[in-house]
Amino acid sequence: MISNSKIFYQNLGLPSDFPLGIEISRAEGIYLYTPEGKRFTDLVSGVSVSNVGHSHPKVIRAVQEQVECYMHLMVYGEVIQSPQVRYAWALQNELPDPLDSVYFVNSGSEATDGAVKLAKRYTGRYKVIAFKNAYHGSSMGALSFLGNENLKRNFRPLMPGVDFIDLNNFEHLQEIDHNTACVILEPVQGEAGIMAASKEYLHALRKRCDECGCLLIFDEIQTGFGRTGSMFRFQSQEVVPDILCLAKALGGGMPLGAFISSREIMHTLTYNPMLGHITTFGGHPVSCAAGLAAFQIVKDENLAEQAEEKAKLFRKRLQSHRIVSKIRNAGLMMAIDIQDAETFEKLFASLTKAGIMTDPFLFREQAFRIAPPLTISQQQINDSCDIILNVMDSL
Ligand code: PLP
């Protein structure tokens, strides 16, 4: 019989010529297992998706129960589906005013596309301000606000009217003006290698948006659901966006995205034109059931509160190694900079061989990611660091 590996390389469209190419047949907690029984420690969480760990029994139960009731019924937003409305209710209870209207979609890209469409529709303006080294997804819309020319060059023309500014540069805030529909930003840039917007900067940005009457969109697709030490990053920074984009951990391991705003803003998608955003599978009931269960776990197990403490242990163990030049983190969203490119290449290959699943960043060279399930224990962190340090010592 033809092997899965052969079909993977031969018959699957792949985003790169050098995928990890490891077959996984089972996943539990922070571990992934190959069919031969080799165990990998997951320090990526598929990026920041599996915040409650793999195969959490409560998530599995929620999925099973929902599958037995119904799966897809009707395009999004027509019939009342309990998992959708209950999840929207739980989210709006967590969020401050006026973030009380949840538009469920399929993915992060669709969430950022939808958010920018909503801002254009609400303000009647055309201009979008985005950030250098920002990542918001790979659809034509999301690509238009992505701050890296390399990924965009061969797909032009993209959406016009998007200007890029530097994160944490206060002078660049003057680029925001009365033609600006919205500013979209990740409060911690993930793919830039974990670059956090400072609290002062976020406050100045909020003020400038208010002065110009434009909407502030936070893409919390990677930072959400406890990853950076609070349920959402904006809560610890005390700056409330007009539109919040969520995906990844939102679905508890199932595909789900959302953009969330006030009802007043959201309502503009319903007229002129009616059906301002349409999505068949948005808010899929099985995804919402899984997501709601996972959201509850993040809260019940106080996972957000433990993230910074756990990150500290990783930092303490790894930071003084001779090949580590810098560590940046926001909770358990960590980047480990390695002193030179050659060592990094060797390290990356050796970590995979040693059973550590990690990932490079799109826009930061010589750095690897540590973003494990938030359920990782102190013992598991120490075990992971033992393996990483062993590999580092051997280079
Ligand atoms: N926004 C951020 C910050 C992301 O990290 C990602 C995915 O990595 C996206 C948006 C796009 O999400 P998706 O891949 O679900 O379209």
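Below: a short report on this structure. Only a predicted model underlies this, so the values are computations on that prediction, with no experimental measurement involved.

In this section: the overall build of the protein. Within the protein, the secondary structure is distributed over 14 helices and 16 strands. For the protein, whose C-alpha radius of gyration is 21 Å, the value lies close to the compact-globule estimate of 21 Å for 395 residues. The dimensions of the protein, computed from C-alpha atoms along their principal axes, are 60 × 55 × 45 Å. Counting the 395 residues in the protein, one finds 53% classified as buried. Approximately 17600 Å² of the protein is accessible, and the part contributed by carbon and sulfur atoms is 52%.

Strand residues, when the strand is regular, have side chains that alternate between the two faces of the sheet. Pairing between strand β2 (residues 31-33) and strand β3 (residues 39-42): three bridges, direction antiparallel. Looking at β3, one finds that Leu-32 is bridged to Phe-40. Between β2 and β3, which pair antiparallel and follow one another directly, the connecting turn spans five residues, one of which, Gly-37, has a positive phi of 95°. The pairing of β3 with strand β15 (residues 356-357) spans two bridges and is classified as parallel. Paired with Asp-42 across the bridge in β15 is Met-357.

A few words on the packing of aromatic side chains. In total, this model carries 11 aromatic pairs according to the counting rule given. Where Tyr-87 meets Phe-104, the ring centres are 6.0 Å apart and the plane angle is 25°; that geometry is what we call stacked. In this pair, Tyr-87 sits in helix α4 (residues 82-94) while Phe-104 sits in strand β4 (residues 101-105), placing the two residues 17 residues apart along the sequence. Both residues of the pair, Tyr-87 and Phe-104, belong to the buried class. Taken together, the aromatic side chains of Tyr-87, Phe-104, Phe-225, Phe-232, Phe-234 and Phe-295 make up a single cluster linked through ring pairs. Across the ring face of Phe-40, the terminal group of Lys-38 is positioned such that the distance to the ring centre comes to 5.2 Å. Lying across the ring of Tyr-31, Arg-39 places its NZ or CZ 3.8 Å from the centre.

So, how was this worked out
Residues numbered from 1 in each chain as written. Predicted model: local features only at pLDDT ≥ 70, side-chain atom pairs only at ≥ 80, totals over all residues. Heavy atoms only, no water. Helix = DSSP H or I, 4+ residues; strand = E, 2+ residues; numbered from the N terminus. Rg over C-alpha atoms; globule rule 2.2 N^0.38 Å. Buried < 20%, exposed > 50% of the residue type's maximum accessible area, 1.4 Å probe, protein only. Areas by Shrake-Rupley, 256 points an atom, 1.4 Å probe, with all protein chains shown as cover. Pairing = 2+ DSSP bridges. Phe/Tyr/Trp six-rings, centres within 6.5 Å; stacked < 30°, edge-to-face > 60°. Lys NZ or Arg CZ within 6 Å of the ring centre and 35° of its normal.

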